[in-house]
Structures are given as C-alpha cells and as structure tokens.
Amino acid sequence: MFEVRRLGPEDLGTLLGLQERIKSSLPDPGVFQTSTPEFISYCLADGGLCYGVTHGSGTVAYRMVYFPRDRDFNLAKDTPLPPSEYARVAHWDTIAVLPEWRGHGLARLMNTRALADVAALDIRHLYATSSPMNPNGVGSLMRAGFRPVRLVTKFGGKLRFLFYRPTPAPWPPVRNGQEERSVGLSATGELERAFLEGWVGVRLGADDRSGTSLSLQRHSLPFTGEQP
C-alpha cells in the first residue's frame, strides 16, 4: 500500500537522505540535480509544496514544487512570460523514486496530488526541466501535461529541456493532420533549432537510429495569445 502525504519542515532530514540514496544509485548521477538544504527548507515551509510516498514505515519517493516568487531563479525568465506574471509561477522541481520502487506509478501518484493542490492556488504557469539523456524523466513530465519548449543551460552548465504547462487549464489538444516532425532526444542541436523556430514537443516515440525521439508540432506558448 502506497500513500502520498504532504511533507513539512520536520521532513528535511528524510529528503536529504533520500536524494543522496537516489543519486548514488544512478549509472550517470549527472542527470539528477540535487538540492541544497536551504532550498529544500524553503520549499518545505511556505516556498512550495513537497510530497512523499510512504510504504510501510519508510518514505520511498518524493516530489518538490517550488514557488520562485521574487527570487532570482525563475525559469519563466527563459520564455516570453511577462514579469507581471512571475508571482503566479511554480516550478515542478525534483521528483525521485528509490530504485527498488520504480515501476509502481509513484510519479503519477505524486503528480496527480500536486496538480490538484496547485489548481486551488493563484498559480497559472508551471515550469520544469529534465535532461535530454533521461527519457524516463522527460516521459513522466509529458504524461503530467508538460511540453518541452526550449533547450537551456542550467545548474552549472548542464543542458536541460525546459518544459511548460498552463494550469488549471491544460495545453490545447494536439491537432491531427498538423505538420509534425520527429527528432531524437540525443540530437540536441537539431532540437534547439526546432524550438527557436516555434516547434514544441508533443509526444515521445521510438527512433531506429537514435533510440527515443521527440515528436514536435508548431505551437505558440499558450500565454502569448498567438495562433500557431
């Protein structure tokens, strides 16, 4: 039995321990961005929303949501979102599951709970990042309604997809018959050019040459009011 619970300041040690266990379990720890105790404490207090999945007596997964407010680190600055909207931004920050508990839909459980809680707040813009070398992370975000819209360099020079999701209303539906192209996740140069030309990722697929690929359609960001 898995249970999602809201975490508070008293859970700082639990999250610090979990992130270290999860990072050390990865073949390439560079795809996982750890958070400082100060940042986690901010999110556990009134600077965000944090969730843990408990199984038995232990916590086996966690999700952090960050409210940048007037702080310098706000992913919205990498998009045309007006500064007047920055206070209504939330970052879909770290999500992580212990290796032995992956494959149980825990990310979906936490995302569902967090999306419902955020919908009740004055938040209208959700942002997130994920490594192009982490197709599982990319897929988890896209299943939660996020779409990759940029490639950015963050966290000390690491290349990341920048994802956007409006809330509470989702992105407009993908149009059948609209022009579409497929680019491998590893073809970051081609993806970067596509994003700059107005393409947005709409689904993941398989590519015989490069493994996981991203299908893209031309689409403006919902808050711009432009037609694709």
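So, how was this worked out
- Residues numbered from 1 in each chain as written.
- Predicted model: local features only at pLDDT ≥ 70, side-chain atom pairs only at ≥ 80, totals over all residues.
- Heavy atoms only, no water.
- Salt bridge = Lys/Arg side-chain N within 4 Å of Asp/Glu carboxyl O.
- Helix = DSSP H or I, 4+ residues; strand = E, 2+ residues; numbered from the N terminus.
- Buried < 20%, exposed > 50% of the residue type's maximum accessible area, 1.4 Å probe, protein only.
- Phe/Tyr/Trp six-rings, centres within 6.5 Å; stacked < 30°, edge-to-face > 60°.
- Contact = heavy atoms within 4.5 Å.
- Axes fitted to C-alpha atoms, helices over the stretch in contact; angles between N-to-C directions.
- Parallel < 35°, antiparallel > 145°, perpendicular 65-115°, else oblique.
- Left-handed = near helix turned anticlockwise from the far one by under 90°.
- Nonpolar A, V, L, I, M, F, W, Y, C, P; charged D, E, K, R; others polar.
- 1 Å grid on protein atoms, 1.4 Å probe; cavity = no way out; pocket = protein on both sides within 12 Å on 5 of 7 lines; lining within 4 Å.
- Points joined across faces, edges and corners; volume = space filled by probe spheres on them.
- Pairing = 2+ DSSP bridges.

- In the nomenclature of an unreviewed UniProt entry, the protein chain corresponds to N-acetyltransferase domain-containing protein from the organism Streptomyces afghaniensis 772.

## A short note on the pattern of salt bridges
Here comes step 1: Under the defined criterion, the tally for this structure stands at nine salt bridges.
Here comes step 2: The closest approach of N and O atoms between arginine 21 and glutamate 100, which form a salt bridge, is 3.8 Å. With arginine 21 in helix H1 (residues 12-25) and glutamate 100 in the loop between strand S4 (89-97) and helix H3 (106-119), this residue pair connects regions lying 79 residues apart in the sequence.
Here comes step 3: On the basis of relative accessibility, which here comes to 46%, the residue arginine 21 falls in the partly exposed class.
Here comes step 4: The partner of aspartate 122 in a salt bridge is arginine 88, with the nearest N and O atoms 2.9 Å apart. Placement of aspartate 122 in the loop between H3 and strand S5 (125-130) and of arginine 88 in the loop between strand S3 (58-66) and S4 is noted, with a sequence separation of 34 residues between them.

## Focus on the packing of aromatic side chains
Here comes step 1: Evaluation of the coordinates by the stated rule reveals 11 aromatic pairs.
Here comes step 2: When the ring of phenylalanine 39 is compared with that of tyrosine 66, the centres are 4.9 Å apart and the planes differ by 50°; the resulting orientation is tilted. Residue phenylalanine 39 is located in helix H2 (residues 37-44), and its partner tyrosine 66 is located in strand S3; the two are separated by 27 residues in the primary sequence.
Here comes step 3: Taking the relative accessible area as the measure of exposure, phenylalanine 39 reaches 15% and is therefore buried.

## A short note on the environment of proline 37
Here comes step 1: Inspection of the secondary structure assignment puts proline 37 in helix H2.
Here comes step 2: Placed 18 residues apart in sequence, proline 37 and histidine 55 show a C-alpha to C-alpha distance of 24 Å.
Here comes step 3: Setting aside chain neighbours within four positions, we find proline 37 in contact with Leu12 and Leu16.

## A short note on the packing of H1 against H2
Here comes step 1: With their axes 10 Å apart at the nearest point, H1 and H2 run at an angle of 130° to one another. Taken as axis vectors, H1 and H2 run oblique relative to one another. Read as a crossing pair, H1 and H2 show a hand that is right-handed. Facing H1, whose interface residues are Leu12, Leu15, Leu16 and Gln19, H2 presents Pro37, Ile40, Ser41 and Leu44.
Here comes step 2: Among the residues making up the contact of H1 with H2, the classes are represented as six nonpolar, two polar and no charged.

## A look at the layout of surface pockets
Here comes step 1: When its volume is computed, the largest pocket comes out at roughly 1300 Å³.
Here comes step 2: For the lining of the largest pocket, the residue count by class is 23 nonpolar, 19 polar and seven charged.

## Looking at the pairing of strand S2 (residues 48-55)
Here comes step 1: Most of S2 is tucked away: seven of the eight residues are buried.
Here comes step 2: Where strand S1 (residues 2-6) lies against S2, five bridges are found, and the strand directions are antiparallel. Its bridge partner lying in S2, valine 4 is registered against valine 53.
Here comes step 3: Counting the residues in the hairpin turn of S2 and S3 gives two residues, including glycine 56, whose phi is positive at 65°.

## Side note on unusual backbone geometry
Here comes step 1: Between threonine 167 and the following residue, proline 168, the backbone shows a cis peptide bond with an omega angle of 5°.
Here comes step 2: Relative to the helices and strands, proline 168 resides in the loop between strand S7 (158-166) and strand S8 (180-184).
Here comes step 3: Residue arginine 69 is not a glycine yet carries a positive backbone phi of 50°.
Here comes step 4: Along the polypeptide, arginine 69 turns up in the loop between S3 and S4.
Here comes step 5: Arginine 69 gets classed as partly exposed once you look at its relative accessible area, which sits at 36%.

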